[in-house]
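Observations on the model geometry
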Amino acid sequence: MRPRRKARSEVETAVELEELPKTSEGLRDGEIPYENARILARASQEGEIDETELVEKARTQSPDKFAGTVRKHQQQRSEDDGMSRLEHQRSQRFAKIKTDNTDGMTVLYGRFDPITGALIETALSQKMDELWREEDPRARCSPGQRMADALAGLVTREDTNQDGKPPRGPRLLLIADYNAVSRELRNGRLGDGTPIPTEKIRDLACQSDILPGIFRGVSQPLDLGRSRRAASPAQKIALVARDRACVGCGANANWTQAHHITPWAVQGNTNLNDMVLLCSRCHHKVHDDHWQVHKTPTGKHHLKPPPKHLRHALRQRNKTRRRRRRSPIKQQK
């Protein structure tokens, strides 16, 4: 954020906090991080909130988690299932493209409502995965370069595929609770837990491939034991619904793989309770650096680093590897 824009944002937050005495007090006492106070202040301007309830959670949650808590709180207090808030967010959308005069590069950026953002992110993730599979493993692009290529490919692609059919929309995971008595869907949300109006599920069904989340159904077995090594599509959906993101670093679920907590090579099972979502980086931490998956009493998973003595040995090993990669290869005469 540019200094001038950051200063203006801080002034706006200070004005908004004047209406939130408990939040202001917690911020002054150092009990509430500034980022959480800013999130709470912005939410108070978008609608009525229960400051007392949110302040308690602002003291203990990280900004990423607290932002999700506030969104869910707003959805629950909304009288129209969040439709008015979604419409307001959509009215704030914008995109801009310009040329950087310093080097002639084109700069593109924008802001979108959560549903549109999820569709864009899903499409980009799928295209990035496709490009990654096509790359030479010995000369891979950086993630940023790959995303730029994916965006360019999606924006400039033809309106039809090679078979003459229109391109399929991104495969978006939506989750909702089904009330068997009223036969209605409730508590609609995206794969990362972002709440959305249930009414929007019908609209999205016309734009994307909706992945069904039928868990524990006869036609979608989730415990496969050792009958197969890789997680099934139904299992991956269930893992996204449960973990929402990489359990190690919080990376987007679209960039994760299903990881066996007990390795397959030592008789691990391909069952839902024996797997978690991990991104490639955290996967390497587990397999190469001896990090371990731990489950909390509440059922949440997280990564735990190795003991201190082992961490020191691993750091020394990694330093040695980096030195070897940097050293020039001596050609044999």
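Here we summarise the structure given alongside this text. It should be emphasised that the depicted structure is a prediction, and the values quoted were computed from it without experimental measurement.

How each quantity is defined
- Residues numbered from 1 in each chain as written.
- Predicted model: local features only at pLDDT ≥ 70, side-chain atom pairs only at ≥ 80, totals over all residues.
- Heavy atoms only, no water.
- Helix = DSSP H or I, 4+ residues; strand = E, 2+ residues; numbered from the N terminus.
- Buried < 20%, exposed > 50% of the residue type's maximum accessible area, 1.4 Å probe, protein only.
- Contact = heavy atoms within 4.5 Å.
- Pairing = 2+ DSSP bridges.
- Patch = residues over 30% accessible without salt bridge, like charges linked within 9 Å, V, L, I, M, F, W, Y side chains within 5 Å.
- Areas by Shrake-Rupley, 256 points an atom, 1.4 Å probe, with all protein chains shown as cover.
- Salt bridge = Lys/Arg side-chain N within 4 Å of Asp/Glu carboxyl O.
- Phe/Tyr/Trp six-rings, centres within 6.5 Å; stacked < 30°, edge-to-face > 60°.
- Lys NZ or Arg CZ within 6 Å of the ring centre and 35° of its normal.
- Arc of directions from axis to C-beta.
- Polar contact = N/O pair within 3.5 Å; in protein donor to acceptor, adjacent residues only side chain to side chain.
- Axes fitted to C-alpha atoms, helices over the stretch in contact; angles between N-to-C directions.
- Parallel < 35°, antiparallel > 145°, perpendicular 65-115°, else oblique.
- Left-handed = near helix turned anticlockwise from the far one by under 90°.
- Nonpolar A, V, L, I, M, F, W, Y, C, P; charged D, E, K, R; others polar.
- Lys, Arg positive; Asp, Glu negative; His and termini not counted.
- Charge placed at Lys NZ, Arg CZ, Asp CG, Glu CD.

Once that is clear, we can look at the environment of Val247. Mapped onto the secondary structure, Val247 falls in the loop between α10 (233-243) and β6 (256-260). Residue classification places Val247 among the buried residues on the basis of a relative accessible area of 13%. Spatially, the C-alpha atom of Val247 lies 9.8 Å from that of His294, the residues being 47 residues apart in sequence. Once residues lying within four places of it in the same chain are set aside, the contact partners of Val247 are Val276, Leu277, Leu278, His301, His302 and Leu303.

With that settled, the discussion passes to the pairing of strand β1 (residues 94-99). Across six bridges, β1 lies against strand β2 (residues 106-111) in antiparallel orientation. Pairing of Lys96 across the sheet is with Tyr109, part of β2. Where β1 folds back on β2, the antiparallel hairpin that results is connected by six residues, among which Gly104 adopts a positive phi of roughly 80°.

As a further point, take a nonpolar patch on the surface. A cluster of nonpolar side chains, namely Ile97, Leu108, Leu151 and Val155, defines an oily patch on the protein surface of about 390 Å² accessible area. Along the chain, Leu151 falls in helix α8 (residues 143-156).

Right, let's talk about the packing of aromatic side chains for a bit. This structure, assessed with the given rule, holds one aromatic pair. Where Phe94 meets Tyr109, the ring centres are 6.3 Å apart and the plane angle is 85°; that geometry is what we call edge-to-face. Of this pair, Phe94 sits in strand β1 while Tyr109 sits in strand β2, and the two are 15 residues apart along the sequence. In this structure Phe94 comes out as partly exposed when scored by relative accessible area, which is 37%. Across the ring face of Trp291, the terminal group of Lys285 is positioned such that the distance to the ring centre comes to 4.4 Å.

So, about helix α4 (residues 51-58). Helical geometry: 3.6 residues make up each α-helical turn, so side chains three or four residues apart lie on a common side. For α4, the complete set of buried residues consists of Glu51, Leu54, Val55 and Ala58. In an axial view of α4, the angular spread of the buried residues amounts to 105°, which keeps them on one side of the axis. At its buried positions, α4 is contacted by α2 (21-28), α3 (34-46) and α5 (63-77). N-cap assignment for α4: the residue whose side-chain oxygen lies 3.2 Å from the backbone N of Thr52 is Asp50.

To continue, consider the environment of Gln126. Position of Gln126 relative to the elements: it lies in helix α7 (residues 114-134). The partly exposed category is assigned to Gln126, whose relative accessible area is 35%. For the pair formed by Gln126 and Ala150, sequence separation is 24 residues and the distance between their alpha carbons is 8.7 Å.

This next bit is on the packing of α7 against α8. Contact geometry of α7 with α8 gives a least axis separation of 9 Å together with a crossing angle of 110°. One finds that α7 runs roughly perpendicular with respect to α8. In the packing of α7 onto α8, the handedness of the crossing is right-handed. On the side of α7, the interface is formed by Ala123, Leu124, Lys127, Met128, Leu131 and Trp132, while α8 contributes Pro143, Arg146, Met147, Asp149, Ala150, Leu151 and Leu154. By residue class, the composition of the contact of α7 with α8 is 10 nonpolar, no polar and three charged.

What follows deals with a positive patch on the surface. A grouping of Lys65, Lys72, Arg244 and Lys300 is seen on the molecular surface, where their side chains present a positively charged patch. Mapped onto the elements of the fold, Lys65 is located in helix α5. Residue class for Lys65 comes out exposed when judged on its relative accessible area of 54%.

In this section: the pattern of salt bridges. Summed over the entire model, instances satisfying the criterion amount to 13 salt bridges. A salt bridge links Arg59 to Glu31; the shortest N-O distance between them is 2.9 Å. Placement of the pair is Arg59 in the loop between α4 and α5 and Glu31 in the loop between α2 and α3, with a sequence separation of 28 residues. Between Asp129 and Arg133 there is a salt bridge, with its nearest N and O atoms 2.9 Å apart. With Asp129 and Arg133 both in helix α7 and four residues apart, the pair spans about one turn of that helix. Look at Arg133 and you get exposed, because its relative accessible area is 61%.

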